[in-house]
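Chains, contacts and geometry: an overview
The primary structure of each chain is shown beneath.
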Amino acid sequence: MTAHLEVAEGVGTIRLDRPPMNALDIATQDRLKELAAEATRRDDVRAVVIYGGEKVFAAGADIKEMQAMDHAAMIARSGALQESFTAVARIPKPVVAAVNGYALGGGCELALCADFRIAADNVKLGQPEILLGLIPGAGGTQRLARLVGPSKAKDLIFTGRQVKAEEALAIGLVDRVVPAAEVYEQAHAWAARLAQGPAIALRAAKESIDAGLETDLDTGLAIERTWFAGLFATEDRQRGMRSFVEEGPGKAKFV
Ligand code: DAK
């Protein structure tokens, strides 16, 4: 298998494992969809790390495999890859990308499907599809523009240039830069902390933010208040409020 799910301390790690560059061939793309479904389904997975290993996150879709495809084959395939990545983006739990080395093309697009990105100081991110005569096709024109804004997204997509850690942090393409050897540890700690949180409220927050950003303010506020009222049905809400009243802030243990 070129990707697998490991679970420890409530954290599921989706580990890409296709040396040397974790090029995302069709089998790996399909596998990612299965793993996203498994991480969504399993109650022992409460937060997720996406990790490509110490050397490279992923250098994009497998160019050698794609080279042989014609127009008809790509029409047949193009929805499936977007669906795989959308399945990752819609995991209803906190998801962090732990990014070492290259995250290019589909690799960068996969990192964009996470809620938070922790990157190594040696990271190089980019959307180099233009250098192949293409554009990003796994959500890059959409998720990158939403994350960093249209001008910066156009700069990166028009030129295909690689962005190093300092610039990636400055434009919000990554959220934290750490020494390369600490990327996974820090991402796991981020996820493990959230794995202790109230799972349904975390899901409500994620879905309200993600769905709300795709709509007008009034609809977004309606999504928020529906979830907000709904959380009053949860045991976690009762525990959270009782703990505040009896013990003070931030001490609740959630189920
Ligand atoms: N695909 C296939 N093989 C790759 C690869 C890739 N993306 N990236 C690297 N490799 C292979 C190299 O060919 C080389 O293989 P051998 O020659 O050893 O057999 C080996 O990995 C090591 O690579 P290098 O020798 O090039 O290593 P360097 O350290 O010199 O350079 C690099 C590393 C990552 C900078 C360089 O390899 C590179 O530029 N790679 C290509 C990056 C890239 O262009 N990525 C974008 C791919 S296009 C779709 C939607 C979206 C997409 C596809 C479909 N649908 C809607 C269906 C996404 C498209 C893309 O991601």
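Relevant structure appears above.
As the structure is a prediction and not an experimental result, all values here were calculated from the model.

On to the site of the ligand, then. Around the ligand, 23 residues are found, and the nearest of them are A59, A61, I63, L81 and G106. In this structure, an oxygen atom belonging to the ligand sits 2.8 Å away from a main-chain N or O atom of A61. G106 places a polar main-chain atom, nitrogen or oxygen, 2.8 Å from an oxygen atom of the ligand. Looking at the shell around the ligand, the elements that each hand over two or more residues are α2 (63-67), α3 (71-89) and β5 (102-104). Within the shell around the ligand, the residues separate by chemical class into 14 nonpolar, five polar and four charged.

On to the pattern of salt bridges. In total, this model carries 14 salt bridges according to the counting rule given. Where R117 meets D175, a salt bridge forms, and the shortest distance between an N and an O atom there is 4.0 Å. Taken together, the residues span a long stretch of sequence, with R117 in strand β6 (residues 116-120) and D175 in the loop between α7 (165-170) and β9 (176-178) at a distance of 58 residues. A residue is classified by how much of its surface remains accessible, and R117, at 4% relative accessible area, is buried. Between R239 and E235 there is a salt bridge whose closest N-O contact spans 3.3 Å. Highlighted residues: R239 and E235, both in helix α11 (residues 235-247), separated by four residues, approximately one helical turn. Among the residues examined, R239 registers a relative accessible area of 27% and is labelled partly exposed. For E235, a relative accessible area of 45% translates into the label partly exposed. Each of R18, D25 and D62 takes part in a single network of salt bridges with overlapping partners.

Okay, the layout of surface pockets next. By volume, the largest pocket is sized at about 910 Å³. For the largest pocket, the lining is made up of 30 residues, of which A89, L112, R143, D210 and E214 are closest to its centre. With eight residues, the top contributor of residues to the lining of the largest pocket is helix α9 (residues 199-213). Here the residues of the lining of the largest pocket are counted per class, giving 16 nonpolar, four polar and 10 charged. What the second largest pocket holds in volume is close to 640 Å³. Going through the elements one at a time, α1 (26-41), α2, α3 and α4 (106-112) are the ones with two or more residues in the lining of the second largest pocket. Broken down by element, the residue count for the lining of the second largest pocket peaks at five residues, all from α3. Of the residues that constitute the lining of the second largest pocket, the class distribution is 18 nonpolar, six polar and five charged.

Let us now look at unusual backbone geometry. A cis amide bond links P19 to the next residue, P20, at an omega of 5°. Phi is positive for E9, which is not a glycine, with a value near 55°. In this fold, E9 is placed in the loop between β1 (3-8) and β2 (11-16). E9 sits in the exposed class, given a relative accessible area of 62%.

As a further point, take the sheet that holds β1. As summarised here, the arrangement of the six strands in space is β1-β2-β3-β4-β6-β9, forming an open sheet in which the pairing is mixed. Of all the strands in the sheet, just β1 and β9 have a single pairing partner and so form its edges. Ignoring which end each strand starts from, the neighbouring axes of this sheet average 20° apart. In the sheet, β6 pairs with β9 via three bridges, with the strands oriented parallel. Residue pairing for β9: A120 is matched across the bridge by V178. α1 rests against β1, β2 and β3 (47-51) of the sheet, and its axis sits at about 25° to β1.

Calculation rules
Residues numbered from 1 in each chain as written. Predicted model: local features only at pLDDT ≥ 70, side-chain atom pairs only at ≥ 80, totals over all residues. Heavy atoms only, no water. Near = heavy atom within 4 Å. Polar contact = N/O pair within 3.5 Å; in protein donor to acceptor, adjacent residues only side chain to side chain. Helix = DSSP H or I, 4+ residues; strand = E, 2+ residues; numbered from the N terminus. Nonpolar A, V, L, I, M, F, W, Y, C, P; charged D, E, K, R; others polar. Salt bridge = Lys/Arg side-chain N within 4 Å of Asp/Glu carboxyl O. Buried < 20%, exposed > 50% of the residue type's maximum accessible area, 1.4 Å probe, protein only. 1 Å grid on protein atoms, 1.4 Å probe; cavity = no way out; pocket = protein on both sides within 12 Å on 5 of 7 lines; lining within 4 Å. Points joined across faces, edges and corners; volume = space filled by probe spheres on them. Pairing = 2+ DSSP bridges. Axes fitted to C-alpha atoms, helices over the stretch in contact; angles between N-to-C directions. Contact = heavy atoms within 4.5 Å.

These values are about where atoms sit, not about what they do.
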